[in-house]
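Listed below are the residues making up each chain.
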Amino acid sequence: MRRLKLMNFGNNCLKVFCISLLIAVIVYIANIGKIVDAPVGWIIGGILIAILELIIFAVGISIVYVTSVQLGIKTRVIGALCGWIPILHLIMLGRIILIVSEEYKVELKRIKLNDSRKDQKICETKYPILMVHGVFFRDFKYLNYWGRVPKDLEDNGATLFYGNHNSAASVDDSAKELARRIEEVLKATGASKVNIIAHSKGGLDSRTAISLCGMDKYVASLTTINTPHRGCEFAEYILDKMPEKQKEAVASAYNKAASELGDINPDFISAVTDLTRSRCQERNKVVKDSELVFYQSFGSKIDKPQSGKFPLNLSMRLVGLFDGPNDGLVGINSFKWGEEYTFVEPHGRRGISHGDVIDLNRENIKGYDVREFYVNLVQDLKRRCF
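Residues numbered from 1 in each chain as written. Predicted model: local features only at pLDDT ≥ 70, side-chain atom pairs only at ≥ 80, totals over all residues. Heavy atoms only, no water.

## Considerations on the packing of helix α1 (residues 2–30) against helix α3 (residues 39–67)
Piece 1. Remark: α1 packs on α3, axes separated minimally by 8 Å, with the N-to-C direction vectors making an angle of 155 degrees. In this view, α1 runs roughly antiparallel relative to α3, as classed from their interaxial angle. In terms of crossing hand, the pair formed by α1 and α3 is left-handed.
Piece 2. In terms of residue class, the contact of α1 with α3 is built from 19 nonpolar, seven polar and two charged. (Axes fitted to C-alpha atoms, helices over the stretch in contact; angles between N-to-C directions. Helix = DSSP H or I, 4+ residues; strand = E, 2+ residues; numbered from the N terminus. Parallel < 35°, antiparallel > 145°, perpendicular 65-115°, else oblique. Left-handed = near helix turned anticlockwise from the far one by under 90°. Nonpolar A, V, L, I, M, F, W, Y, C, P; charged D, E, K, R; others polar.)

## Some words on a nonpolar patch on the surface
Piece 1. A surface patch of nonpolar side chains, amounting to about 920 Å² of accessible area, comprises Leu6, Phe9, Val40, Ile43, Ile44, Ile47, Leu48, Ile51, Ile55 and Val59.
Piece 2. At the level of secondary structure, the elements contributing two or more residues to the nonpolar patch comprise α1 and α3.
Piece 3. Ranked by residues supplied to the nonpolar patch, first place goes to α3 with eight residues.
Piece 4. Here Ile47 is to be found in helix α3. (Patch = residues over 30% accessible without salt bridge, like charges linked within 9 Å, V, L, I, M, F, W, Y side chains within 5 Å. Areas by Shrake-Rupley, 256 points an atom, 1.4 Å probe, with all protein chains shown as cover. Salt bridge = Lys/Arg side-chain N within 4 Å of Asp/Glu carboxyl O.)

## Notes on the pattern of salt bridges
Piece 1. For the structure shown, the criterion picks out 25 salt bridges.
Piece 2. Where Arg3 meets Glu103, a salt bridge forms, and the shortest distance between an N and an O atom there is 3.2 Å. In this pair, Arg3 is assigned in helix α1 and Glu103 in helix α5 (residues 88–116), connecting sequence segments 100 residues apart.
Piece 3. A salt bridge links Arg117 to Glu372; its shortest N-O distance comes to 2.9 Å. Taken together, the residues Arg117 in the loop between α5 and β1 (129–132) and Glu372 in helix α14 (residues 370–383) connect sequence positions 255 residues apart. Taken as a pair, Arg117 and Glu372 share a single burial class, namely buried. (Buried < 20%, exposed > 50% of the residue type's maximum accessible area, 1.4 Å probe, protein only.)

## Digging into the nonpolar core
Piece 1. Counting 31 residues, the largest nonpolar core has Trp146, Leu153, Tyr374 and Leu377 as the members making the most contacts within it.
Piece 2. Elements supplying a minimum of two residues to this core: β1, α6 (149–155), β2 (160–162), β4 (219–225), β5 (294–299) and α14.
Piece 3. It is α14 that contributes the most residues to this core, seven residues altogether.
Piece 4. Filtering out sequence-adjacent residues up to four positions away, Tyr374 remains in contact with Trp146, Val149, Leu153, Ile197, Ile225, Val357 and Ile358.
Piece 5. The next biggest cluster of nonpolar side chains, apart from the first, holds 21 residues, and it includes Leu130, Ala179, Ala198 and Val293. (Core = buried A, V, L, I, M, F, W, Y, C linked by side-chain atoms within 4.5 Å. Contact = heavy atoms within 4.5 Å.)

## Observations concerning the state of the cysteines
Piece 1. In the structure shown here, the tally under the stated rule is zero disulfides.
Piece 2. Here Cys280 is not cross-linked by a disulfide; its sulfur's nearest cysteine counterpart is in Cys232, at 7.0 Å. (Disulfide = S-S within 2.5 Å.)

In structure tokens form, the structure reads like this:
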């Protein structure tokens, strides 16, 4: 709330700057005759006004740049560049004010909504929630993979834990890590089971842990989000066509970086290989669903490259050549798994990317409230007595 108040103050400074600057210009134009007759006083007054306006603007833009989430890097950079171009700087300033005003309105609405239902604890499920990340990411304390989602879930009563597994490993190895993590969560909470919400490869890891690592009796439900259950033809093509030396170089570079970030024996090639269509088909013959677990899945797609943030805006077309309509990484035909499947699609043609479904970019998308999506998801698990 403190950030919002500070952001709103900064935005109000920008509004005051615009209004006062307009008034000053009108006053000077209206008194052009007096300025000509007695220029010294008007010039001194103009200098003082300019200094005051500059201070108000500097304070406002600095606060907004530091506190706003929705401005993004692109808008910040363009705003800075346009700051020296007449007319364009006013247009860009107006856009910044509108973006920040909308952000303040949206965030304030969410705070009020969560406060109004706080006592209901609509996300207080019978079993704790284990959130499982996808490939090439880790669970960091200060950079949450799930963006703003966990806070809203906890504000509504959820008990959350994270997979804390390696970023790059085979599905089998990740499954073993998750099995150990499930046992840790049960020991820490005294619960008899967990609910798993898994994104991307995390869904494959979780299914394998349930089926092959004896976790079926400890998992009440598995919800997969944009998981390539049937694999990615695009990934298979890349692995088949990329020269061995180049693959080794990329793998070596990633494995080295991943080790620095905490991975133990990262294996880039195994992680990617397990996402291919052929490998997933083989695994699906062995990894069977358990009758003890409720399985459900969600998926989405983007309709145009502009809908996705980098690099998904670049990969969407390429992935489409192999996997058809996709979320920037995974084709929509690969998402469906379990008893229930929901295709998530906002109004219009914005679409929801592979990153949008986990709030990776912390972006407010019109027609799709990612935080409320997860609140509703967990609320439904509670309704099912999970």
